[in-house]
Amino acid sequence: MDARNFTFMFYGFLAAWLIVLLYVVSLARRGARLTKELEDVKQLMASGQKN
Amino acid sequence: MREKLVMLLAGLAAILLAYNLHHMFLVLPNEVSQDFIFRIIFFHVPAGIVGMIGFFVALIFSVWYLAGGDLRYDSVAASIVEVSVVFSIVNLVTGSIWARVIWGIWWTWDYRLTSQLVCVLIFVGYVMMRRAIDEPTQRARLSAALTIFGCFDSVVVWKSIEWFRNNHPGPVLSIRTGGGNMDPDYERTLWLNFLALLIIGAALALVRSRQESMEREIDSLRRAAHV
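Every value quoted in this text rests on a predicted model; they were computed, and no experiment measured them.

Visitor: Is there a simple way to think about the overall build of chain A in this case?
Guide: Helix and strand counts for chain A come out as one helix and zero strands. Radius of gyration (C-alpha) of chain A: 22 Å, far over the 10 Å computed for a compact globule of 51 residues.

What follows is the structure, given as C-alpha cells:
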C-alpha cells in the first residue's frame, strides 16, 4: 500500500505517546509544586510555633 | 515503598513495550486489507479498555466513599479517573487518525465515537469540577455522583457496537465473539500491549494518588494553622 498508510500509522503512535508524555510532564511539575508547597507550609508552622 | 513500586511497574512496562514493539513491527505480517495502518489497533483498543476499566475501578472507590465517608477513597477514585481520561483521549485520537485512512474522514457522529466522546467530556468535567470546589466533602460527593453517571455512559460505549451498526466495526476480540474474528497472533500482541498500558496506567495512578495525599496533608496543615 502507499506511503501515506505508514505515515498515518506513525502519526497514530506519535500522538499516543505524546499525550501520555504530556501527562507525565504535567504530573512531574505538579509533584514538584506540591513538594515545595508542603515544605513551605511545614516551615511556616514550625516558625509559628517557635514564636 | 510506593516509589519503588512505581519504578518496578515502569521497568516492567518498558520491557513489555520493547517486546511488543519488536513483535508489532518485525514479526507480525501486514494486515491483508489495511496494511500498515492496522497496527494502530495495538494502541487504540488497549487504551480504550484501560480507560474504561479505570472508570469502573474509580466507580468502586466512589461507592466506597459514599458508603463510609473516607476521603482517601475519593482521592484514589480521582487519581484513577484522571489517568483513565488520558488513556481515553489516546483512544479517541488514534481512532480518529485510523478513521482518516480507512473511512476517509477524521470524525463521524457514529454511536461508538459519540458515546466515547461524551464519556471523555463527562470525566474531563469531573477533573475540572474538582479543581473548582475547595470544600473536600462536597467535592467528593459530587465527584462520586459524576462517576456513577459517567459509568452509565461507559456501558453504552462498550455495548454500542453490538446495539447499533454504524461506521465503527463490530466486536472482534474473542472475549466478545468467542474467537475467529482476529488472527490469534495479532490478538495476543494486542492483549500484551493492553497489559503494558495497564501497568503504565497503574504506575501513573499511584503517582497521582501520592499527590492527592500531599494535597490533603497541605490542606489539613493549613486548617490546623487557622484554628
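Visitor: So what exactly am I meant to see when it comes to the overall build of chain B here?
Guide: Counting its regular elements, chain B contains seven helices and zero strands. For chain B, the succession of helices and strands along the chain, N to C, is α-α-α-α-α-α-α. If one aligns the C-alpha atoms of chain B with their principal axes, the spans along those axes are about 70 × 40 × 30 Å. Classification of the 227 residues of chain B by burial places 36% in the buried group. Excluding contacts between residues fewer than 6 apart, the proportion of contacts in chain B whose partners are at least 24 apart in sequence is 80%.

Visitor: Help me out: how do you make sense of the packing of helix H2 (residues 41–68) of chain B against helix H3 (residues 71–102) of chain B in this one?
Guide: Helices that pack against each other are described as a pair by the angle of their axes relative to one another and the distance between those axes. Residue and element names in this part refer to chain B. Taken N-terminus to C-terminus, the directions of H2 and H3 make an angle of 160 degrees; their axes are 7 Å apart at the nearest point. Of the possible angle classes, the one that applies to H2 and H3 is roughly antiparallel. By crossing handedness, the relation of H2 to H3 is classed as left-handed.

Visitor: Which parts of the structure should I look at to understand the interface of chain B and chain A?
Guide: It is common to report an interface's size as the accessible area lost on association of the parts. Taken together, the contact pairs 27 residues of chain B with 23 residues of chain A. The set of elements that each furnish at least two residues to the side of chain B that touches chain A consists of H2, H3 and helix H7 (184–226) of chain B. Residue contributions to the side of chain B that touches chain A peak at eleven residues, all from H7(B). Here the side of chain B that touches chain A is composed, by residue class, of 18 nonpolar, two polar and seven charged.

Visitor: Please explain the packing of H3(B) against helix H5 (residues 136–163) of chain B as it appears in this structure.
Guide: All names here are of chain B. Relative orientation of the contacting elements H3 and H5 amounts to 50 degrees, with a least axis distance of 10 Å. Taken together, H3 and H5 sit at an angle that is classed as oblique. The crossing of H3 and H5 is left-handed. Each of Leu-71, Asp-74, Ala-77, Ala-78 and Val-81 in H3 lies in contact with H5, whose residues at this interface are Pro-136, Ala-140, Ser-143 and Thr-147.

Visitor: What exactly am I supposed to notice about unusual backbone geometry here?
Guide: Most peptide bonds take the trans form, and the phi angle of most residues other than glycine is negative. Residues and elements named next belong to chain B. You will see that Asp-35, though not glycine, has its phi angle at about 60 degrees, which is positive. Residue position: Asp-35 is located in the loop between helix H1 (2–27) and H2. Take Asp-35: there are 15 C-beta atoms within 10 Å of it, and that puts it in the partly exposed class.

Visitor: What am I meant to see in the confidence of the model for chain B here?
Guide: Fine structural detail should not be taken from predicted coordinates in areas where pLDDT scores are low. Per-residue confidence for chain B averages 93 on the pLDDT scale, and 100% of its residues sit at or above 70. Quick note on the complex model: pTM equals 0.93, ipTM equals 0.91.

Visitor: Could you clarify how one ought to interpret H1(B) in this entry?
Guide: Quick reminder: α-helices carry 3.6 residues per turn. Residues three or four places apart thus point the same way. Between its first and last C-alpha, H1(B) extends 36 Å over 26 residues, near the 38 Å set by a 1.5 Å rise per residue. In terms of burial, H1(B) is a largely surface element, one of the 26 residues being buried.

Visitor: What is the right way to look at the environment of B:Asp110 in this model?
Guide: Residues and elements named next belong to chain B. When you line up the elements, Asp-110 lands in the loop between H3 and helix H4 (111–132). With 18 C-beta atoms counted inside 10 Å, the residue Asp-110 sits in the partly exposed group. Sequence separation between Asp-110 and Glu-3 is 107 residues; the distance between their C-alpha atoms is 42 Å. Among all residues touching Asp-110, those that are not within four sequence positions of it are Asn-166, Asn-167 and His-168.

The rules behind the values
Residues numbered from 1 in each chain as written. Chains lettered and ligands numbered in written order. Predicted model: local features only at pLDDT ≥ 70, side-chain atom pairs only at ≥ 80, totals over all residues. Helix = DSSP H or I, 4+ residues; strand = E, 2+ residues; numbered from the N terminus. Rg over C-alpha atoms; globule rule 2.2 N^0.38 Å. Buried ≥ 20, exposed ≤ 12 C-beta atoms within 10 Å, placed from the backbone. Contact = placed C-beta atoms within 7 Å. Axes fitted to C-alpha atoms, helices over the stretch in contact; angles between N-to-C directions. Parallel < 35°, antiparallel > 145°, perpendicular 65-115°, else oblique. Left-handed = near helix turned anticlockwise from the far one by under 90°. Nonpolar A, V, L, I, M, F, W, Y, C, P; charged D, E, K, R; others polar. pLDDT = per-residue confidence, 0-100. Expected span 1.5 Å × (residues − 1).

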